[in-house]
Amino acid sequence: MAKNPVRRARGAAAGGAGNRSPPAGAARILDGVSITVRELTGADWPRLWPMLRDMGVGDEPAEVHRERFLLLLADPRWALLGAVDDDGLTGYAAAQDHGPHLRSGDAHRTVRLHDLHVRPDRRRRGVGRALLAAVSEWAAGRARHLEWQAHRERAAPFYERLGHRGDPCPQPDYPTFLVDFGPR
């Protein structure tokens, strides 16, 4: 299986909770803008860096973050996907396959969605939905579960609109969301 799928969606319902993935090669068209989700590359760094800063980064210099990004691009346990429209990179998602469990092997293998970010000027246009669908497709091909946490007020409503429900966790402002793809 490829490290990251090239994922494209068509229609308003494509990629939503419980929906089947549309055929590869289709483009998602919303508000007259085509959105394509693809693997990120090193050349995406200049457009990715402002989004990473918006999400929140440590105090290290930008070069340290860029080197980390390049290392993760080469790591098959990571899916680093970008949403692209006519204006270029408009959003990204980062997910990590945690691999088999020591005691249960792949029976409870989990992919963790670390980041899903859409530029503020591109929100509510299907970019986040397309990114989540692509991450879900990548995760379903390798793990039993996809999980993530989202800030209760800033991000959880987006996932809830897609039909997902978060469960309380030790950090009360960050419910945990879980998709179970079924036995492997």
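Residues numbered from 1 in each chain as written. Predicted model: local features only at pLDDT ≥ 70, side-chain atom pairs only at ≥ 80, totals over all residues. Heavy atoms only, no water.

K.L.:
Please explain the packing of aromatic side chains as it appears in this structure.
P.N.:
Aromatic ring pairs are defined here through the distance separating the ring centres and the angle between the ring planes. The tally for this structure, following the rule as stated, stands at six aromatic pairs. Ring geometry for Tyr159 versus Phe177: centroids 5.5 Å apart, planes at 45 degrees, classification tilted. Residue Tyr159 is located in helix H4 (residues 156-161), and its partner Phe177 is located in strand E7 (residues 176-180); the two are separated by 18 residues in the primary sequence. (Phe/Tyr/Trp six-rings, centres within 6.5 Å; stacked < 30°, edge-to-face > 60°. Helix = DSSP H or I, 4+ residues; strand = E, 2+ residues; numbered from the N terminus.)

K.L.:
I tried to follow the side chain of His65 on my own but got confused; where do I start?
P.N.:
With respect to the element layout, His65 can be found in helix H2 (residues 62-73). Taking relative accessible area as the criterion, His65 reaches 7% and is therefore assigned buried. Filtering out sequence-adjacent residues up to four positions away, His65 remains in contact with Trp45, Trp49, Val57, Gly58 and Glu60. (Buried < 20%, exposed > 50% of the residue type's maximum accessible area, 1.4 Å probe, protein only. Contact = heavy atoms within 4.5 Å.)

K.L.:
What should I look at first to understand the layout of surface pockets in this one?
P.N.:
Over the atoms rolls a probe the size of a water molecule, and its path tells where empty space is left. In this model, the largest pocket occupies a volume close to 1,400 Å³. If you go around the largest pocket, you meet 48 residues; those closest to its centre are Met55, Asp115, Leu116, His117 and Val118. If one sorts the elements of the lining of the largest pocket by residue count, strand E5 (residues 110-118) sits on top with seven residues. Class assignment of the residues belonging to the lining of the largest pocket gives a composition of 26 nonpolar, nine polar and 13 charged. (1 Å grid on protein atoms, 1.4 Å probe; cavity = no way out; pocket = protein on both sides within 12 Å on 5 of 7 lines; lining within 4 Å. Points joined across faces, edges and corners; volume = space filled by probe spheres on them. Nonpolar A, V, L, I, M, F, W, Y, C, P; charged D, E, K, R; others polar.)

K.L.:
How should the pattern of salt bridges be read in this particular structure?
P.N.:
Pairs can form between side chains of opposite charge once their charged atoms are near each other. Counted according to the given criterion, the structure contains 16 salt bridges. Salt-bridge contacts for Asp75 lead to Arg77; the nearest nitrogen and oxygen are separated by 2.6 Å. Since its relative accessible area comes to 12%, Asp75 is described here as buried. For Asp121, the salt bridge is made with Arg122, and the minimal N-O distance between the two is 2.9 Å. For Asp121, a relative accessible area of 40% corresponds to the partly exposed category. What makes Arg122 buried here is its relative accessible area of 14%. (Salt bridge = Lys/Arg side-chain N within 4 Å of Asp/Glu carboxyl O.)

K.L.:
When you look at the confidence of the model for the chain in this model, what are you seeing that I'm missing?
P.N.:
For residues with low pLDDT, the predicted coordinates do not support detailed interpretation. Confidence along the chain averages 84 in pLDDT terms, with 83% of residues attaining 70 or more. Contacts from residues 1-26, a stretch scored under 50 in pLDDT, to residues over four places away or in other chains number 66 contacts. (pLDDT = per-residue confidence, 0-100.)

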